[in-house]
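Given next are the chains, with one letter for each unit.
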There are 4 protein chains.
Amino acid sequence: MTVRSVIKNKAMPRTPEQYEQMRQEKRRKIMDVALELFASKGYHATSVAKIAEKADISKGLLYNYFESKDDLLKEIAQVGFQEVYENLDINHDGVLTEEEFVYFIDRLIEIINKNKKFWLFYTHILMQPNVVDFVGTQLRESFVPVVQILMNYLKEEGFEDPAGELFFLSSTLKGATLQLLFSPLDFDISPVRDRIVKLYAKNTTVDHKI
Amino acid sequence: MTVRSVIKNKAMPRTPEQYEQMRQEKRRKIMDVALELFASKGYHATSVAKIAEKADISKGLLYNYFESKDDLLKEIAQVGFQEVYENLDINHDGVLTEEEFVYFIDRLIEIINKNKKFWLFYTHILMQPNVVDFVGTQLRESFVPVVQILMNYLKEEGFEDPAGELFFLSSTLKGATLQLLFSPLDFDISPVRDRIVKLYAKNTTVDHKI
Amino acid sequence: MTVRSVIKNKAMPRTPEQYEQMRQEKRRKIMDVALELFASKGYHATSVAKIAEKADISKGLLYNYFESKDDLLKEIAQVGFQEVYENLDINHDGVLTEEEFVYFIDRLIEIINKNKKFWLFYTHILMQPNVVDFVGTQLRESFVPVVQILMNYLKEEGFEDPAGELFFLSSTLKGATLQLLFSPLDFDISPVRDRIVKLYAKNTTVDHKI
Amino acid sequence: MTVRSVIKNKAMPRTPEQYEQMRQEKRRKIMDVALELFASKGYHATSVAKIAEKADISKGLLYNYFESKDDLLKEIAQVGFQEVYENLDINHDGVLTEEEFVYFIDRLIEIINKNKKFWLFYTHILMQPNVVDFVGTQLRESFVPVVQILMNYLKEEGFEDPAGELFFLSSTLKGATLQLLFSPLDFDISPVRDRIVKLYAKNTTVDHKI
DNA sequence: GATGAATGAGAGTTCATTCAT
DNA sequence: CATGAATGAACTCTCATTCAT
């Protein structure tokens, strides 16, 4: 018996606030469990039944929180992406200094390391054709400003073919992300990081910030 | 009517060799069709019925050639990988010259461009860890000699941290592969290729060999 | 604030009678809402959740008023039928004059027009035999006196085969009911009504009474 | 072992014709069973599992023959309706004589009596809102020529208000159909039939043709 | 009395796989 | 060798009903 119910010695309905909090917590739990499974098994190989079981709820209840399996996927993508993006802390307005560039790279590595599960999930989704097109779209659109800033940075640094250079840098970052995601836990990405810094922030000391 | 049947104006039993060849051809057709579908729709979204239909055979017959859908997947992975690997034509014995390194890079890009379907499939499979673990293992093992040769090359070229440099190069190559696979058809990878050549084959002209 | 609570500026416990009245009102509201939905969507396509929502109560509370969805259906059928029957205002005792017969026909049409929702619901239910068998029984039993009176009327009017005539009249009335229920809103039933009057109340002017 | 398989003492695949025949037979069986259940329980109250069970097949197989439960319903409606309509043998071109009108009425009664299950099904569907709108549309469209012919007949017979008369006749026929469908097996519709004939084919002997 | 989270049985549907022919 | 009808388990999703509060 809770305090509320003791006062009048009578069962009382939960307040809307209590319900709301319960909902949020359970919602979060379902999303966590689903992320875990989607990341490790893939979307199609993960059944709603399995998610419900791992979240200690009935299959039916899941549909009290999410409209469909697809909706669950979208919510995870959206929330996860939002968190990641907020953490990235892009310098929207000004131009990137070399220090800021290094900071950006380090933040990127840190974010991926901290959200491996989410990035695995993301990678699965992006590789799986036809699953949720909007995820890819969302990703691409969100990175437009990042790309713009990096482009300006490369121009400023005096590269003769900044567009080509951006492709190269972009490839390297994508490849490094894969390395991080699919390598053993103790994998040390710092050589790659240092090499990037040496190439694109020549005048900066390459102290590890990670 | 075939030539054979005309000669005697009577159906002659085919020789065991002919049967075996027909089997191999049909097997190959099934695998081609399945690769096509797996690559474009994904493994789970591709039904055995669809594969059989596209291969112009009955569902039942497919199971005469492959034990299961999973087995079909493994066979495709194995054969496809073998072909790719044979094409890579690594200089197993000697040491890589700068020209040979550039040739290696160009071959790599060429192979990926020529087998996009297979690489897409491969990427899907690798992301779906539990489907075929052995594929990843196979991939890693097969690349051991490649890695060794590249390592020697980087040492020879005088890089102070060849292991770190290898990580970097490896990241870049992986990232470039992704770019190739998931970009529009007319995507031009040459800036990335040129940059790699400029970094790792300094004394070589960067004529496109692709 | 209600008058009662103003008088003493203090919430007074409601009397049992007030509680009972509130219960009855809520019960009625639930039944109204359910009738509306059953009539427009059908029984199976109407969820308890939807009924509760439209009645502005929780799902749980609904089960405080009705044992089950089926029970709710039965109650609606019973009450609705009772109301209709009371409105029909059959001349139980005496014999029907021609004027009274015409009045009866006009009342019938009026009742159906005024309770289309209920009759639609009723029609659905009657077609779904196993849902509530008792409804049909109830209907038939309730109409026994009506049938008796009409039979007497037809005898009195001098029809040679009053039983057969009753079948015919009954068919016509049922068919006319269907027309009324499933035709557009502006459908005019008066030709059918006039024809009935002409056939069965020959000496009466056929002024519209509806 | 069949004759075919004995000849060569070797299992041979069925010919396309054999398969087609098997399919048609099973298809028909499923439709019969489904019609029976839809007619007695209603569409929503009949589960695919129940249909499959009664048809002695697995649930899955049903989907080898029909795309969905809805599709099954449509097929039943279509085929059943087609059969009914073909039997109705409407005199499309000429004008109806009194004898032909009587014949039409008798055929109508006969058809309903012979296909009670189908008409029950049909009635259920039409009463159930939102199930399959196209069924109602189909019905209405199909009856346009019938209505036209009856209208002409009533004009020819000299009724002053043929449109109103048609409404009345139509109501009567609908009501009679309900009587036939929902009355006990031994129910005798002939009084209603005779009355119709007496009203609309005055100069014709009312010999029973049923 | 009143809430809505939670359940669980069952709905329609899909599909890898088997098997009589 | 070859067919495709047939199966059955598993899938996503719905919903009447219950129950702690």
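Residues numbered from 1 in each chain as written. Chains lettered and ligands numbered in written order. Predicted model: local features only at pLDDT ≥ 70, side-chain atom pairs only at ≥ 80, totals over all residues. Heavy atoms only, no water.

**Thoughts on the relation of the copies chain D and chain C**
Superposition record for chain D on chain C: RMSD 0.7 Å, screw rotation 177 degrees, translation along axis 0.2 Å. One copy is carried onto the other by what is essentially a two-fold rotation axis. (Least-squares fit on C-alpha atoms with pLDDT ≥ 70 in both.)

**Re the interface of chain A and chain B**
Residue-level contacts link 33 residues of chain A with 35 residues of chain B. Note on chain A versus chain B: buried area summed over both sides is about 2,900 Å², and carbon and sulfur give 64% of it. When the buried surface of chain A facing chain B is broken down by residue, Met127, Phe168 and Arg195 of chain A rank first, second and third, together holding 22% of it. Across the chain A-chain B interface, the total number found is two salt bridges. Ionic pairing is found between Glu165 of chain B and Arg195 of chain A, a salt bridge with its closest N-O pair at 2.4 Å. For the pair chain A and chain B, the interface holds ten residue pairs in polar contact (both at pLDDT 80 or more). (Contact = heavy atoms within 4.5 Å. Buried area = accessible area lost by both parts, 1.4 Å probe. Salt bridge = Lys/Arg side-chain N within 4 Å of Asp/Glu carboxyl O. Polar contact = N/O pair within 3.5 Å; in protein donor to acceptor, adjacent residues only side chain to side chain.)

**What to know about the interface of chain D and chain C**
Each partner contributes residues to the interface: chain D has 33 residues there, and chain C has 35 residues. Around 2,900 Å² of area is buried between chain D and chain C when both sides are counted, 64% of it from carbon and sulfur atoms. Ranking the residues of chain D by area buried against chain C places Met127, Phe168 and Arg195 of chain D at the top, with a combined share of 22%. Taken together, the connections running from chain D to chain C amount to two salt bridges. If you look at where chain D meets chain C, you find ten residue pairs in polar contact (both at pLDDT 80 or more). No other element matches helix H9 (residues 162–182) of chain D, which puts 13 residues into the side of chain D that touches chain C. (Helix = DSSP H or I, 4+ residues; strand = E, 2+ residues; numbered from the N terminus.)

**Describing helix H5 (residues 69–88) of chain C**
All names here are of chain C. With 20 residues, H5 ought to run about 28 Å at 1.5 Å a step, and its terminal C-alpha atoms sit 29 Å apart, in line with that. Looking at H5, one finds that the buried residues are Lys69, Asp71, Leu72, Leu73, Ile76, Ala77, Gly80, Phe81, Val84 and Leu88. After H5 finishes, the residue Asp89 shows a positive phi value of roughly 55 degrees. (Expected span 1.5 Å × (residues − 1). Buried < 20%, exposed > 50% of the residue type's maximum accessible area, 1.4 Å probe, protein only.)

**Some words on the protein's contact with DNA strand E**
Around DNA strand E sit 42 residues in total, of which Arg23 and Tyr65 of chain A, Val48 of chain B together with Val48 and Tyr63 of chain D are the nearest. The protein-proximal atoms of DNA strand E, defined as those within 4 Å of the protein, are 58% sugar or phosphate. At 3.4 Å, a side-chain N or O of Tyr65 of chain C approaches a phosphate oxygen of DNA strand E. Interatomic distance of 3.1 Å between a side-chain N/O atom of Lys59 of chain D and a base oxygen of DNA strand E. Counting residues per element, the ones that place at least two in the surface near DNA strand E are helix H2 (16–41) and helix H4 (59–65) of chain A, helix H4 (59–65) of chain B, helix H4 (59–65) of chain C together with helix H3 (48–54) and helix H4 (59–65) of chain D. Of the residues that constitute the surface near DNA strand E, the class distribution is 18 nonpolar, 14 polar and ten charged. (Near = heavy atom within 4 Å. Nonpolar A, V, L, I, M, F, W, Y, C, P; charged D, E, K, R; others polar.)

**Describing the relation of the copies chain A and chain B**
Between the two copies, chain A and chain B, the superposition gives an RMSD of 0.7 Å; the rotation angle is 177 degrees and the shift along the axis is 0.1 Å. Both copies present the same face, since 94% of the interface residues in chain A are matched by interface residues at the equivalent positions in chain B.

**So, the protein's contact with DNA strand F**
In the vicinity of DNA strand F there are 40 residues, among which Tyr63 of chain A, Val48 of chain C together with Arg23, Lys26 and Tyr65 of chain D approach most closely. Near-protein atoms of DNA strand F (within 4 Å) split between backbone and bases, with sugar and phosphate holding 59%. For DNA strand F, a base oxygen lies 3.5 Å from a polar atom in the backbone of Gly60 of chain B. Within the side chain of Tyr65 of chain D, a nitrogen or oxygen atom sits 2.4 Å from a phosphate oxygen of DNA strand F. Of all the elements in the fold, those that place two or more residues in the surface near DNA strand F are H4 of chain A, H4 of chain B, H4 of chain C together with helix H2 (16–41) and H4 of chain D. Looking at the surface near DNA strand F residue by residue, the classes come out as 16 nonpolar, 14 polar and ten charged.

**Describing unusual backbone geometry**
Residue and element names in this part refer to chain A. If you check the backbone angles, Asp56 has positive phi at about 60 degrees while not being a glycine. By the element assignment, Asp56 lies in the loop between helix H3 (48–54) and H4. Take Asp56: its relative accessible area is 64%, and that puts it in the exposed class.

**Regarding the packing of helix H10 (residues 190–200) of chain A against helix H10 (residues 162–182) of chain B**
The geometry of H10 of chain A relative to H10 of chain B is characterised by a closest axis approach of 8 Å and an angle of 80 degrees between their N-to-C directions. The angle between H10 of chain A and H10 of chain B falls in the class roughly perpendicular. Of the residues in H10 of chain B, those in contact with Pro191, Val192, Arg195, Ile196 and Leu199 of chain A of H10 of chain A are Gly164, Glu165, Phe167, Phe168 and Ser171 of chain B. A per-class count over the contact of H10 of chain A with H10 of chain B returns six nonpolar, two polar and two charged. (Axes fitted to C-alpha atoms, helices over the stretch in contact; angles between N-to-C directions. Parallel < 35°, antiparallel > 145°, perpendicular 65-115°, else oblique.)

**Looking at the UniProt feature "DNA-binding region" (unreviewed entry) in chain A**
As annotated in UniProt, the feature "DNA-binding region" (unreviewed entry) corresponds to residues 47–66 of chain A in the numbering used here. Taken as a whole, residues 47–66 of chain A contains 70% helix and 0% strand, while its terminal C-alpha atoms sit 14 Å from one another. (UniProt positions renumbered as here; feature names shortened; annotations may be inferred.)

**Some remarks on the side chain of Ser190 of chain A**
Its location among the elements puts Ser190 of chain A in helix H10. A polar atom in the side chain of Ser190 of chain A sits 2.8 Å from the side chain of Asp188 of chain A.

**Brief notes about the confidence of the model for chain A**
Per-chain confidence: chain A averages 86 in pLDDT, with 88% of residues scoring 70 or above. A low-confidence stretch, residues 1–9 of chain A stays under pLDDT 50, and its non-local contacts, those more than four residues away or across chains, total seven contacts. (pLDDT = per-residue confidence, 0-100.)

**Re the environment of Glu110 of chain A**
All names here are of chain A. Inspection of the secondary structure assignment puts Glu110 in helix H6 (residues 98–114). Glu110 sits in the partly exposed class, given a relative accessible area of 26%. At 3.0 Å, the side chain of Glu110 forms a polar contact with the side chain of Arg107.

**Quick word on the packing of aromatic side chains**
Here the structure, examined in full by the defined rule, presents 48 aromatic pairs over all chains. Pairing Phe101 of chain B with Tyr153 of chain B gives two aromatic rings, centres 4.6 Å apart and planes at 5 degrees, and the pair type is stacked. Of this pair, Phe101 of chain B sits in helix H6 (residues 98–114) while Tyr153 of chain B sits in helix H9 (residues 144–156), and the two are 52 residues apart along the sequence. Of the residues examined, Tyr153 of chain B reaches a relative accessible area of 1% and is grouped as buried. On the numbers, 5.0 Å between centres and 90 degrees between planes, the contact of Phe187 of chain C with Phe167 of chain D is edge-to-face. Of this pair, Phe187 of chain C sits in the loop between helix H9 (162–182) and helix H10 (190–200) while Phe167 of chain D sits in helix H9, which puts the two residues in different chains. Residue Phe187 of chain C is classed as buried on the basis of its relative accessible area, which comes to 17%. Geometry around Tyr43 of chain B places Lys69 of chain B over its ring, the cationic atom sitting 4.5 Å from the centre. The side chain of Arg195 of chain C reaches across the aromatic face of Phe168 of chain D, ending 5.7 Å from its centre. (Phe/Tyr/Trp six-rings, centres within 6.5 Å; stacked < 30°, edge-to-face > 60°. Lys NZ or Arg CZ within 6 Å of the ring centre and 35° of its normal.)

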